[in-house]
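# Descriptive structure summary
If you want the building blocks of each chain, they are given just below.
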Amino acid sequence: MRASATVVAEADGRGGTRLAVLRGESPLLLRRTGPRSAGGTTVHLVGGAAGPLRGDGLRLDIEVGPGAVLEMLSVAASLALPGRPGPPSRLTVTATVAAGGALRWLPEPLIAAAGCDHIAVTRVDVADGGTLLWRDDLVCGRHDEPSGAVRADTTIRYAGVTLYRHELAVGPGAPGWDGAAVLGGGRAVGTLVAAGSGLPEPGVAGPNAAVMPLAGPGVLATAVGADIREVQAALDPLCHR
């Protein structure tokens, strides 16, 4: 399956945000939801089909213009599933945030079902004066099953300079992913990158969580847990500030 979706948020000239483009294809269906608040708008990503399955190629493009505020959520967790023999499934997410714009990316977790082979590529570019809150959570397998294979490749740039660059591989074919140097036996991991203004203070966010400054106007919060509840307990409060 090949599918793409696009969101373009612009200031409406009246202190709010309008969606100039809201277009998607199954399974990447987009729906504007909830009332406008603080000049912004909310869009939910709705899974219109099972997957991603092995061989699927999915792409989501997000653009936030000057003065626009966009929050991106999802109605449920994403479940990466095995499929017919073939190349890995791939989801590519790109986002640009203009000066004076703000993007909050807070989807539900990605679950790596046993037997899946999935690649997640994220590229975010924030202009000087833009604001970003970017959250990614990963659960290694469903209840009482081994983790599937997931490779996550994330790059976030601010004012033309790389602020955050990270790669994570879990499951079969990723030696040592569940060892002390990576997840330490944890079954869930979450990261939160904040850039621009209103940054959380560095410190300890939980028993296996920390908030660390980045080399630029940003911070990284990361948490590892036995299940997703432990990760959410550490990172959720930072998202609601």
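Before going into details, it helps to say that this report is about the structure given with it. Just so you know, these numbers come straight off a predicted model, no measurement behind them. (Residues numbered from 1 in each chain as written. Predicted model: local features only at pLDDT ≥ 70, side-chain atom pairs only at ≥ 80, totals over all residues. Heavy atoms only, no water.)

Time to look at the environment of Ser147. Its place among the elements puts Ser147 in the loop between strand S12 (131–139) and strand S13 (149–158). Residues Ser147 and Asp56, 91 residues apart in the sequence, show an inter-C-alpha distance of 19 Å. With residues up to four places along the chain from it excluded, the contact list for Ser147 reads Ala112, Ala114, Cys140, Gly141, Val170, Gly171, Pro172, Trp177 and Arg187. (Helix = DSSP H or I, 4+ residues; strand = E, 2+ residues; numbered from the N terminus. Contact = heavy atoms within 4.5 Å.)

Here we come to the nonpolar core. Looking at soluble globular proteins, one finds that nonpolar side chains tend to be buried together. By size, the foremost hydrophobic cluster in this structure holds 33 residues, and its most contacted members are Ile62, Leu70, Met72, Leu103 and Trp134. In contact with Ile62, not counting residues within four places along its chain, are Val7, Leu70, Met72, Val93, Thr94, Ala95, Thr96, Leu103 and Trp105. Within the second largest apolar cluster, 18 residues are counted, among which are Ala188, Ala209, Ala221 and Cys239. (Core = buried A, V, L, I, M, F, W, Y, C linked by side-chain atoms within 4.5 Å. Buried < 20%, exposed > 50% of the residue type's maximum accessible area, 1.4 Å probe, protein only.)

Looking now at the state of the cysteines. By definition, a disulfide is the covalent link that joins the sulfur atoms of two cysteine residues. Tallying each qualifying case throughout the model produces zero disulfides. Not part of a disulfide, Cys140 finds its nearest cysteine sulfur in Cys116, a span of 9.7 Å. Taking relative accessible area as the criterion, Cys140 reaches 0% and is therefore assigned buried. The cysteine Cys239 is free of any disulfide, with Cys140 supplying the nearest cysteine sulfur at 19 Å. Note on Cys239: relative accessible area 3%, which makes it buried. (Disulfide = S-S within 2.5 Å.)

All right, on to the pattern of salt bridges then. Side chains that differ in sign of charge can pair as their charged atoms come close. All chains considered together, the criterion is met by 13 salt bridges. One salt bridge connects Arg59 with Asp61, and the closest N-O pair in it is separated by 3.1 Å. Its relative accessible area of 21% is what places Asp61 among the partly exposed residues. For Asp236, the salt bridge identified is with Arg135, shortest N-O distance 3.1 Å. Of this pair, Asp236 sits in helix H1 (residues 228–239) while Arg135 sits in strand S12, placing them 101 residues apart in sequence. For Asp236, a relative accessible area of 29% corresponds to the partly exposed category. Several salt bridges converge on common partners, so that one network encompasses Arg123, Asp153, Arg165 and Glu167. (Salt bridge = Lys/Arg side-chain N within 4 Å of Asp/Glu carboxyl O.)

Just geometry here; none of it tells us what the structure is for.
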